[in-house]
Amino acid sequence: MRLSGKVALVTGSARGIGRSIAEAFSAEGAIVVVNDVGNDAGACETLAAITASGGNGTVEMFDVSDAAQVDAGVKNILAVHGRIDVLVNNAGITRDNLLLRMSEEEFDAVLRVNLKGTYLLTKTVTRHMMKQRSGKVVNISSVVGMMGNAGQSNYAAAKAGIIGFTKAAARELAPRNITVNAIAPGFIRTAMTAGLPEAVQKTFLAQIPLGRFAEPQEVAQLALFLSTDASSYITGQVIGINGGMYM
Ligand SMILES: NC(=O)c1ccc[n+]([C@@H]2O[C@H](COP(=O)([O-])OP(=O)(O)OC[C@H]3O[C@@H](n4cnc5c(N)ncnc54)[C@H](O)[C@@H]3O)[C@@H](O)[C@H]2O)c1
């Protein structure tokens, strides 16, 4: 059990990649805090899957982009579990549009959840990890933050921002034995990508040397590696998981 006795907070884990990460962590003995916003049923399903397979956890609903909610949510988690050893900043949204048509609202919303949410959670949780003198932070970026994508200038900016944020935070927190890394997934089969038109999916597929999209469980295994002692000397890194789409 690679995460035995550890408490892990996974944001946006009511479905998709976050849910897979929550389940993978639980299978390795972690107590998992499931977080999401506006999808109570999904969050409860994630927790039910965890407990059904003999794991342990709680649900803590809050909006990662709201400082007051983040503060209160993290306080609750600490009151219940006493510690947080692993933080996965997974919550994310897209609001795709061509640049010329992209509204300020679409731009701000994507930056607010993906990038500001990562900042708020990392700041709040690592304050506590610093006292513990240990911790693991895993931020979910995207291949789009590395290579760009037409129609996603807001999302590319947010995900590239997460990469810069990860490197700066890794430097600041290394003296306290806290590692901060980013995962940059390519095309993963979730509700987020299922909504893309078939033609767009075909275009992506043609760019992937491994010739297929990934399952969320494959991303979860990488998040698991970056959250355990197996990755103790890795910090400030961006690890691509994209079937060779970007090298
Ligand atoms: N699916 C892909 O191909 C892919 C590729 C690269 C990166 N990613 C990233 O991986 C992460 C997970 O993606 P997914 O495909 O599982 O998406 P998803 O839409 O299935 O899941 C995202 C979850 O985050 C939650 N969420 C959204 N805003 C929130 C907020 N303000 N506070 C708390 N929770 C919030 C949603 O309710 C949802 O349950 C995202 O950061 C996404 O950008 C996904």
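Data block above holds the structure.
This structure is a prediction, so every number in the text was calculated from the model and none was measured.

Assigned secondary structure in the chain consists of nine helices and seven strands. Against the globule reference of 18 Å for 247 residues, the chain gives a C-alpha radius of gyration of 17 Å, in line with a compact fold. Counting only C-alpha atoms, the chain reaches 45 × 35 × 35 Å along its principal axes. For the chain, with 247 residues in total, the buried portion stands at 49%. Across the chain, the centroid of the 22 positively charged side chains sits 7 Å from that of the 20 negatively charged ones.

Overall, parallel pairing links the seven strands, which are arranged β3-β2-β1-β4-β5-β6-β7 in an open sheet. Only two strands of the sheet have a single partner each, and these edge strands are β3 (56-59) and β7 (238-241). Here the average twist between neighbouring strands, direction ignored, is 20 degrees. The pairing of strand β2 (residues 31-34) with β3 spans four bridges and is classified as parallel. Looking at β3, one finds that Val32 is bridged to Gly57. Helix α3 (residues 67-81) contacts β1 (7-10), β2 and β3 of the sheet and is inclined by roughly 155 degrees relative to β2. Sheet contacts for helix α6 (residues 153-173): β5 (135-140), β6 (178-185) and β7; angle to β6, the most-contacted strand, approximately 160 degrees.

Position of Asn90 relative to the elements: it lies in the loop between β4 (86-89) and α4 (104-132). A distance of 3.0 Å separates a polar side-chain atom of Asn90 from the backbone oxygen of Gly12. Other than its neighbours up to four places away in sequence, Asn90 contacts Thr11, Gly12, Ile17, Gly18 and Ile140.

What the largest pocket holds in volume is close to 1200 Å³. Around the largest pocket, the lining comprises 50 residues; the ones closest to its centre are Gly92, Ile93, Thr94, Tyr155 and Met192. Sorting the residues of the lining of the largest pocket by element identifies α1 (16-27), α4, α5 (144-147), α6, α7 (191-194) and α8 (198-206) as the ones contributing at least two each. Per-class residue counts for the lining of the largest pocket are 23 nonpolar, 21 polar and six charged.

Moving on, we get to empty space enclosed by the protein. Gaps left between atoms are located by rolling a probe of water-molecule size over the structure's atoms. For the coordinates displayed, the defined rule picks out one cavity of 30 Å³ or more. Each pocket or cavity is described by its volume, and for the largest cavity that value is around 30 Å³. Residue lining of the largest cavity: Thr11, Val64, Asn89, Asn90, Ala91, Val113, Asn114, Gly117 and Thr118, and that is the complete set. Looking at which element gives the most residues to the lining of the largest cavity, the answer is α4, with four residues. Residue classes in the lining of the largest cavity are distributed as three nonpolar, six polar and no charged.

About the criteria used
Residues numbered from 1 in each chain as written. Predicted model: local features only at pLDDT ≥ 70, side-chain atom pairs only at ≥ 80, totals over all residues. Heavy atoms only, no water. Helix = DSSP H or I, 4+ residues; strand = E, 2+ residues; numbered from the N terminus. Rg over C-alpha atoms; globule rule 2.2 N^0.38 Å. Buried < 20%, exposed > 50% of the residue type's maximum accessible area, 1.4 Å probe, protein only. Lys, Arg positive; Asp, Glu negative; His and termini not counted. Charge placed at Lys NZ, Arg CZ, Asp CG, Glu CD. Pairing = 2+ DSSP bridges. Axes fitted to C-alpha atoms, helices over the stretch in contact; angles between N-to-C directions. Contact = heavy atoms within 4.5 Å. Polar contact = N/O pair within 3.5 Å; in protein donor to acceptor, adjacent residues only side chain to side chain. 1 Å grid on protein atoms, 1.4 Å probe; cavity = no way out; pocket = protein on both sides within 12 Å on 5 of 7 lines; lining within 4 Å. Points joined across faces, edges and corners; volume = space filled by probe spheres on them. Nonpolar A, V, L, I, M, F, W, Y, C, P; charged D, E, K, R; others polar.

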